[in-house]
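Residue-level structural notes
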Amino acid sequence: MALDLLKQQRDGLIFSMYNEVFAAVDLCVLFHFVALGLLDQQFDQLLALQDADSPGFIEEVIKLFCQESERTLGELSKHLSQPVVDYTKIDAYVHQLKGSSASVGAQLVKLACMNFRQACEENDKEGCMLALNMINNEYYRIRSKFETMIQLEQRILAYSTKHQ
Amino acid sequence: MSPSRAVDYCQEAMDLEGEKLEKKHGWLMGSLETEDQCLVQDDQSLDKFEIPSLPDEETSGKDMFRTQDSKLGSCEGLLASFMNGCWYAVVGLTVCWKIFNFQEKVGINLKWKQDQEQPQSLQQVQKQQLQPQGSRSGKWRKKLLILFLVMGVAGSFWLFWFMNKNTVLWRKETLDNMCDERARMLQDQFNVSMNHVHALAILVSTFHHGKNPSAIDQKTFAEYTERTAFERPLTSGVAYALKVLHSEREHFEKEHGWVIKKMGTEDQSMVRDYTPEELDPSPVKEEYAPVIFCQETVSHIVSIDMMSGKEDHENILRARATGKGVLTSPFKLLKSNHLGVVLTYAIYNTELPQDATSQQRIDATEGYLGASYDFPLLVEKLLHQLASKQTIVVNVFDTTNQSAPISMYGPIVTDTDLLHISNLDFGDPLRKHEMHCRFKQKSPPPWTAIMSSIGVLVITLLLAHIFHAAINRIAKVEDDFRWMMELKVRAEAADVAKSQFLATVSHEIRTPMNGVLGMLQMLMDTDLDANQLDYAETAHASGKDLISLINQVLDQAKIESGSLELEAVQFDPRVVLDNVLSLFSGKSHDKGIELAVYISDRVPEMVIGDAVRFRQIITNLVGNSVKFTEEGHIFVSVHVGDEVMNTQGTDDDNLNKRRGLVKNGLGPPYNTLSGFPVVDRRKSWEKFKLASSGSVVYDHEQIRLLMTVEDTGVGIPRDAQSRIFMPFMQADSSTSRTYGGTGIGLSISKCLVRMMDGEIGFVSEPGIGTTFSFTVAFTKGQTSSFDTKRYQIESAISEFQGLRGLVVDAISVRAEVARYHLCRLGISVDTANNLKSAWSHIQNCCATSATTRLDMVLIDHDGWDGETTLALPQLLKELRQSEKDIVSKKWPKIFLLATSRSNGLDKFKSAGLVDDVIMKPLRLSMLVTCFQQALTGGTKKQQDRRKPSFLQDLLRGRHILVVDDNVVNRRVAAGALKKYGAKVTCVESGKDSLAMLRPPHDFDACFMDLQMPEMDGFEATRQIRCMESELNNQIELGEVSDTSSSNVKHWHVPILAMTADVVQARHEKCIQCGMDGYVSKPFEEDQLYRAVMQFFES
C-alpha cells in the first residue's frame, strides 16, 4: 500500500512539474515561458526508459545532471565575473548545460540557456548576467523538485526490493 | 591706312581673341579634368567637344583676315568677326556647360546606382562622402561663375576700349590723309604756278632785255599775261620791275615819262583804294625797282618802286641774291585787300653759273618779275575741287617766325580735339608754311563700340544669370537628391523595421497564445457545465483564429522582408490534398457543402517542393471557398499543366469529356459536383503559362501542376475583382463583417505561388461562384523512398488490390471523383448513374462469374431528384433482400456516401440497409479504415504496435558507441538505446571515439555529438573515415593478415550525428564529413527508427 502511495506521490510531483508555470516578472520572458512547465516530454521518455532492468536510471541521470549543471554554473559565474569575458568559452559551457537540460527535459533551464547564448552572441555582458541569474533560478527550482523526487524514488526502490 | 597696318590690327585682334578663347578652354578643360577625377572618365566626350571647337577658332581667324584684306580701312568687318568670335565663345561655353551638366547627371546616376548596389552599411559612408563632395563642387561652380562674370565684364570693357581706339585712330588717319592731300595739292598747284611765273621771267629776259630795242612794251606784256592768265590760276597778277640805279633814275624817268613813285608803306593797312597818281614820288634811294610792265589786273602798280615796299624790298634782295623764286610773308595785297604773298624772280642779264655768288647775281640783275598770289582765293579754289570739304576746316599759316605764325587762310581756330599739321613747301627755303586741318564737328560718341560692349555685357550677364540659375538648380536638385536618398534609406529602414516588428510581435504573440490555447484546451477537458464549455470553446476557437491570423501576418512580413525560403522536400500531393480536405470536412459537414478533390492520373505520386507552402495556398483558397459558400460544392482538382494545355487549343476539354462519360438526360441540370451552376473555370487559367517546359534543360524533371478550386459561393463583386490580391483588401468592407477574416490570405497565396514559379488567377461570377486556379512548378520525385505513413497506406492498398466496385451516382463528375479515390486504393470501378442500371449491373456481375464479382457498391446519398431520394431506402431494402436470396454468392458491401450528417443517415446503417455511411469529403485514410472495418472486420490497431517492436528488433544485440561530451546526454542516449536492447559503450570526446573506432572493432554504429571540445563530431568522423579507408586499402592489397579483420572485407561504421538543431545546412555538412545520417537530440523514436533502419535492416 505504501508503495502505491509513494508512487502516487511521485506521479503527482512529476505532474506538478509538468504543469508548474514559470512565474516570471519580466514581460519579455513571460512571453516565452508562460505556457511552459518545468519539464517537457523528454522527461516522459526518460521515465519510459526506466524499467526493471535499470531501476536507478532516473536517479542516476538526475544526479549527473545536477553535478554537471552545478559545475557548469560555477564555471559560468567565475568566467563572467572576470573583467575580460571570453564569450566563446562561456558559450561552450552554456551549450553543455543546454544539452544536458534538454536531455533531462528541464525545458525552462534549456530556454534560459538559449537566452544566455543569445546574449553571448551579442557579447552582451548585462544580458549574460541576467540570463545566468535566470538559469540559476530555474536550476535551483528544478533541483529542489528533483531532490524530492529522488527521495521518493529511493523509498519506492527500497520498498520494492524489500518486498521482493 | 595701309593694308599692312590693317592686317596687323587684325592679327592683333585675333591674337587677343585667341588668347581669350584659349584661356577659356584652359579653364574648361581644367574643369573637365577635375570632373574626371571625381566622376566618370569620359574622354570621348571631351574629344568630341574639343575637336570641332578649335578649327572653328581658326576659320574665324581666317575669316577675319579675309574680311580685313578686302575691306581696308573699315572697322565693320572686324567688328562682325569679333562678334562672330564672341558667339563661338558663347556657343562653346554652352556646349561645355551642357556636357558637364550631362556628366554631372551621369555622375549622379552612377552614384545612385552605386548606392543601390552597395549594402546599407556602405551607404552610410557614401552618404557622408556625398555631402562634402556636393558642396565642394557647388563652391567651385560658384567660383567659376564669378570668374566668368568678371571675365565677361572685363571683356566688354576691353571691347569698348578697343573699338573706341580704332575709331579714333581711323578718324585721325582720315584727317591726316585729307590734310596731306590738300597740302600736297596746294603745293603742287603753287609750284606749277611758280614755274609759269619763272617762265614768264625768262620770257621777259629774252624778249625785253635780250632784244634791242625791246620786243615787249607794256601793252604787249599786259596782253600776253592776260592771255596766259589761265596758266597761273593762282596769281592775281604779275608785274615786271626794272632795276634802276639812282644814277640812272633821271634817264629812266625821262624815258618812260613818269616818276618813280613810292609805295604808301606807312599806312599800308589803312589805305584801301590805291591810285598811283596819289602816290608820292619815290624818295632818293640807291636803287629803285619801278614796275614797268604789269598785267591788266594790277595795272595800278606801274611806276611804283617795289623797293619802297618793305616786303617787296626784302623779297627783291633775296631773289636776286639766290636766283630763285622767293616769297614774301603774307600781307594785305594792294587794292584787293586780301592776304597774299608775292613771288619774285630776279632776271639777270647774263647766264650765270649754278654756283655763282650772290654778289655776282646782284651785279647781273636786270629786273624783277613779281607775281602776287591771292592766298584765300587760292585755297578756296583748291578746296572746292576736293571732296568732303564740309567735314574739315583748313588753316594755312606762315610759320617762318615760329613764335608768331601768321594765318594766311581759314577761320579763326576753334579748339576741336584733332589737329593735323602738314608742311607746305612752296619752293622758298626761307619761308615755312604749314597747313592745319581739323574736323568741323567734334567726334560723335563711339556708338558701335558702346552698343557692342553693352551687348557683350548683357550677354555675359544673361549667361551668368542662366548659369547662376542652373547652378542653383543643380544645388537644389543635389540637395533634393540627397534628401531623397536619405528618405529612401529611412523608408527602407522603416520597411525593414516594420517587417521585423511584425515578425517579432507576431512571434511574441504566438507564444503566449499557444499558452492560452493550451490552457483553454485543458480547461475544456475539465468538468464544465454546458455554458462554461461553450464559453471555453468560443475562446478556443477565437484563439485559433487569432493564431492563424498571426501566422498569416508573419508570413506576409516574411515574404515582404524576403526572408521566406522555400524548402524542397519530397511529398505526395494527394496526401496533402487529403489533409487539407480533412481540415475542412467539419465545416463542410456543418454547412452541407459537398467537398471533393480530384487529382489527374498524370500527376506524379511524388513531387519535390515546399509541401507546407503548397498546402497553405490550397488551404487558403479552400478556406475562402468554404467561407463564402452556403450551398453547392467546393471542388479541388489537380492537373498537369500540359494536360490542360493540350486540350485547350482544340477546345475539347478533357475534364468535361470525362464529366460527360455517363451523362444522360435524367441528371440534374448542370453536370457539376452538386448540380449547381459554376463559372467556366477555363477562363481562370487562360493567361497562364502552362507548359512545364519553362526551361528546356529540366524538361523531364520539372512538372507544372495546375490546381483549381471551384465553388458555388457568392462570388466576388466585379468592381472588387481587381484588388482581391492586395493585402488586407477584401472584396467589400461588409465582407469582413459578414464572413470575418482579414483578407491577407489571398495576397500571401499570390506571393507564395509566385515564389513557386507559378501563377494565380480566378474567374468569378457574382451569384454563381468563383474558381481560383494556380500553377506551381515542382520537380518530379521518386516514389521508391521510404515513408512510414506511406508504407502503412500501401499495405492497406495491397489489401484492396483487385477488388471491384460500383459507384452509383446521378452526377457523373461526382462519380468520377469517387472513382478516382477508389482507384487510388487499387479498386477497379464501374459507374452507374441511376439505381436501376446499378441494380442490373449488380445482378449481372453476380450472375456471370466469380471473377467479375462486385465487392462494394457506393451509392451517393445526395443529388438525386426528389423521387429517387424518397425511393432510396426502399430500393436499398430490395437490394438487401435480393442479397439474402442469393446466399451462395458473396454480396457486395453497400456504402452510402453522404455530405452532411442529417435526416437519419444512421437509420440506414442501423436498419442494416447499408454496411456503412461514408462522410464526404472522401479521403484515402478514411476510406481505408472504413473499408477495412467493413471488409475484414477491423484490424485497426495492428499497424501501430508494429513499429517499436521493429525498432527493438533492429537494435537488439547491436554494439553502439555513443560519443558525447555531456555526461547527461550520454547517459540518456545510452539509456534509450539500451532500452531497445542495444549494447552501448560511451566515450566522452572525439579523441576517445577515434581510439574506440580504430578498426578492427566490433561496433555496429556510432552516435556522435557534433559540438564537442577539442575535436568536434565533424573532425572525428573525418578521421575515422580516414582510418577506415587506409585499412580498406590494405585489405584490398592483402597486406593485413589480422585474424579479426579477416571476416570483414570493408570497414565502414555507420556514424549518426546527434544534433539539436534541424538546420538543413548542418545536415548537409554532416553528410559531407562522411556521416551517414542524423538523429535529433533528444531521441525521437520515429526518427531514430528511420535513421537506424538504413543500416540494420538486412
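Not measured: the values here are computed from a predicted model.

1. A look at the overall build of chain B
When helices and strands are tallied, chain B shows 29 helices and 31 strands. Counting only residues that meet the buried cut, chain B has 47% of its 1098 residues in that class. Relative to all contacts within chain B whose residues are 6 or more apart in sequence, the contacts with residues 24 or more apart total 73%.

2. Things to note about the sheet that holds strand β11 (residues 392-398) of chain B
Within a sheet, adjacent strands bond to each other through the backbone by hydrogen bonds, running parallel or antiparallel. All names here are of chain B. With antiparallel pairing, the four strands of this open sheet are ordered in space as β12-β11-β14-β13. Looking at the sheet topology across the chains shown, the edges are occupied by β12 (406-409) and β13 (420-424). Ignoring which end each strand starts from, the neighbouring axes of this sheet average 30° apart. The sheet contact formed by β13 and strand β14 (residues 433-439) spans five bridges and is antiparallel. The partner of S422 across the bridge, within β14, is M435.

3. Description of a nonpolar patch on the surface
Residues and elements named next belong to chain B. There is a patch of nonpolar side chains on the surface, built from I454, V458 and L462 and spanning about 250 Å² of accessible area. Along the polypeptide, I454 turns up in helix α10 (residues 447-525). Its relative accessible area of 42% is what places I454 among the partly exposed residues.

4. Here we look at the pattern of salt bridges
It is possible for side chains of opposite charge to pair when their charged atoms get near one another. Scanning the entire structure with this criterion turns up 25 salt bridges over all chains. Close ionic contact of E253 of chain B with R249 of chain B constitutes a salt bridge, the shortest N to O distance being 2.9 Å. With E253 of chain B and R249 of chain B both in helix α6 (residues 246-256), this residue pair falls four residues apart, about one helical turn. For the pair E253 of chain B and R249 of chain B, a shared accessibility class is recorded, and that class is buried. Between R482 of chain B and D479 of chain B there is a salt bridge whose closest N-O contact spans 2.7 Å. With a gap of three residues between them, R482 of chain B and D479 of chain B both fall in helix α10, about one helical turn apart. Exposure remark for R482 of chain B: the relative accessible area of 13% places this residue in the buried category. When its relative accessible area of 42% is taken as the criterion, D479 of chain B is described as partly exposed. One salt-bridge network, in which partners are shared between bridges, spans E70, R143 and E147 of chain A.

5. Side note on helix α19 (residues 812-824) of chain B
Residues and elements named next belong to chain B. Compared with the 18 Å implied by 1.5 Å per residue over 13 residues, the 18 Å span of α19 between its first and last C-alpha is a close match. A large share of α19 lies buried, amounting to 11 of its 13 residues. Positive phi appears at G826, one or two residues downstream of α19, with a value of about 85°.

6. Notes on the nonpolar core
Residue and element names in this part refer to chain B. L186, F190, L369, Y373, F375 and V396 are the most contacted members of the largest nonpolar core, which totals 67 residues. At 11 residues, the largest contribution of residues to this core is made by helix α4 (residues 120-209). Here L369 is in contact with V197, L200, A201, V204, F221, A239, Y240, L343, T344, Y345 and I347, once residues within four sequence places are set aside.

7. Looking at the packing of helix α12 (residues 573-591) of chain B against α19 of chain B
Residues and elements named next belong to chain B. Contact geometry of α12 with α19 gives a least axis separation of 13 Å together with a crossing angle of 125°. Between α12 and α19, the angle falls in the class oblique. Handedness of the α12/α19 crossing: left-handed. Touching R574, V575 and D578 of α12 are Y820, H821 and R824, all from α19.

8. Concerning the packing of helix α5 (residues 87-104) of chain A against helix α25 (residues 967-979) of chain B
The contact between α5 of chain A and α25 of chain B brings their axes to 7 Å, and the two run at 30°. Every pair of crossing elements has a handedness; the one defined by α5 of chain A and α25 of chain B is left-handed. Seen from α5 of chain A, the contacting residues are G99, S100, S103 and V104 of chain A; seen from α25 of chain B, they are V968, N969 and V972 of chain B.

9. Quick notes on the packing of aromatic side chains
Applying the stated criterion across every chain, the model contains 13 aromatic pairs over all chains. Between the aromatic rings of F65 of chain A and F146 of chain A, the centroid separation amounts to 6.1 Å while the plane-to-plane angle is 85°, which identifies the pairing as edge-to-face. You can see F65 of chain A sitting in helix α4 (residues 57-81) and its partner F146 of chain A sitting in helix α7 (residues 125-163), a full 81 residues away along the chain. Look at F65 of chain A and you get buried, because its relative accessible area is 0%. Centroid distance W158 of chain B to F162 of chain B: 5.1 Å. Interplanar angle 15°. Geometry classified as stacked. Within this pair, W158 of chain B and its partner F162 of chain B are both found in helix α4, separated by four residues, close to a single helical turn. Aromatic rings pair up to connect F65, Y139, Y140 and F146 of chain A into one cluster. Of note, R171 of chain B hangs over the ring of F439 of chain B, and the distance from its end group to the ring centre comes to 4.3 Å.

10. Section: helix α17 (residues 745-755) of chain B
Residues and elements named next belong to chain B. Within α17, eight of the 11 residues are buried, which leaves the element mostly enclosed by the surrounding structure. Listed in full, the buried residues belonging to α17 are G745, L746, S747, I748, S749, C751, L752 and V753. A positive phi of about 65° marks D757, the residue just after α17.

11. Looking at the side chain of Q295 of chain B
Residues and elements named next belong to chain B. With respect to the helices and strands, the residue Q295 is situated in the loop between β5 (291-294) and β6 (304-305). Since its relative accessible area comes to 4%, Q295 is described here as buried. Not counting the four nearest positions on each side in its chain, Q295 is found in contact with F221, T225, E226, A229, R232, S236, G237 and V238.

12. What to know about unusual backbone geometry
Glycine aside, residues mostly have negative phi angles, and peptide bonds mostly take the trans form. Even without being a glycine, N123 of chain A presents a positive backbone phi close to 55°. Note that N123 of chain A resides in the loop between α6 (107-121) and α7. The phi dihedral of D757 of chain B is positive, around 65°, even though this residue is not glycine.

13. Observations regarding the sheet that holds strand β30 (residues 1055-1059) of chain B
All names here are of chain B. Ordered by their spatial adjacency, five strands build an open sheet running β28-β27-β29-β30-β31, and the pairing between neighbours is parallel. Strands at the two margins of the open sheet, each flanked by one partner only, are β28 (983-987) and β31 (1077-1080). Sheet twist, expressed as the mean angle between neighbouring strand axes with direction ignored, is 25°. With four bridges connecting them, strand β29 (residues 1005-1009) and β30 associate as parallel partners.

14. Details of the side chain of S625 of chain B
One can find S625 of chain B in helix α13 (residues 611-628). Not counting residues within four places of it along the chain, the set of residues in contact with S625 of chain B comprises I634, V709 and D711 of chain B.

15. A closer look at the pairing of strand β9 (residues 339-348) of chain B
Residues and elements named next belong to chain B. Burial of β9 is extensive: nine of the 10 residues sit out of reach of the surface. As judged from the two bridges shared by strand β7 (residues 326-327) and β9, these two strands associate in the antiparallel manner. Its bridge partner being in β9, L327 is matched across the sheet by L343. Taken together, the two bridges between strand β8 (residues 331-332) and β9 define a ladder with antiparallel strand orientation. Looking at β9, one finds that K332 is bridged to L339. Bridge count between β9 and strand β10 (residues 365-374): nine bridges; the pairing is antiparallel.

16. Brief notes about the pairing of β11 of chain B
All names here are of chain B. Counting buried positions along β11 gives seven out of seven residues, so the element sits mostly inside the fold. Burial along β11 is two-sided: the face carrying I392, V394, V396 and D398 and the face carrying V393, N395 and F397 are both buried. One ladder, built from seven bridges, connects β11 with β14; its direction is antiparallel. Residue pairing in the sheet places V394 in a bridge with C437 of β14. Pairing geometry for β11 and β12, over three bridges, is antiparallel.

17. Focus: the confidence of the model for chain B
Residue and element names in this part refer to chain B. Across chain B, pLDDT averages 72, with 68% of residues at or above 70. Counting interchain partners and residues more than four positions distant, the pLDDT-below-50 stretch residues 110-130 has 22 contacts. Below pLDDT 50 for its whole length, residues 692-698 participates in eight contacts with residues either more than four positions away or in separate chains.

18. Concerning the confidence of the model for chain A
Averaged over every residue, the pLDDT of chain A is 76; the share at 70 or more is 82%. Here helix α2 (residues 27-33) of chain A stands out as the element of chain A with the lowest mean pLDDT, 35, in contrast to α4 of chain A, whose mean of 86 is the highest.

Thresholds, definitions, all that
- Residues numbered from 1 in each chain as written.
- Chains lettered and ligands numbered in written order.
- Predicted model: local features only at pLDDT ≥ 70, side-chain atom pairs only at ≥ 80, totals over all residues.
- Heavy atoms only, no water.
- Helix = DSSP H or I, 4+ residues; strand = E, 2+ residues; numbered from the N terminus.
- Buried < 20%, exposed > 50% of the residue type's maximum accessible area, 1.4 Å probe, protein only.
- Contact = heavy atoms within 4.5 Å.
- Pairing = 2+ DSSP bridges.
- Axes fitted to C-alpha atoms, helices over the stretch in contact; angles between N-to-C directions.
- Patch = residues over 30% accessible without salt bridge, like charges linked within 9 Å, V, L, I, M, F, W, Y side chains within 5 Å.
- Areas by Shrake-Rupley, 256 points an atom, 1.4 Å probe, with all protein chains shown as cover.
- Salt bridge = Lys/Arg side-chain N within 4 Å of Asp/Glu carboxyl O.
- Expected span 1.5 Å × (residues − 1).
- Core = buried A, V, L, I, M, F, W, Y, C linked by side-chain atoms within 4.5 Å.
- Parallel < 35°, antiparallel > 145°, perpendicular 65-115°, else oblique.
- Left-handed = near helix turned anticlockwise from the far one by under 90°.
- Phe/Tyr/Trp six-rings, centres within 6.5 Å; stacked < 30°, edge-to-face > 60°.
- Lys NZ or Arg CZ within 6 Å of the ring centre and 35° of its normal.
- pLDDT = per-residue confidence, 0-100.

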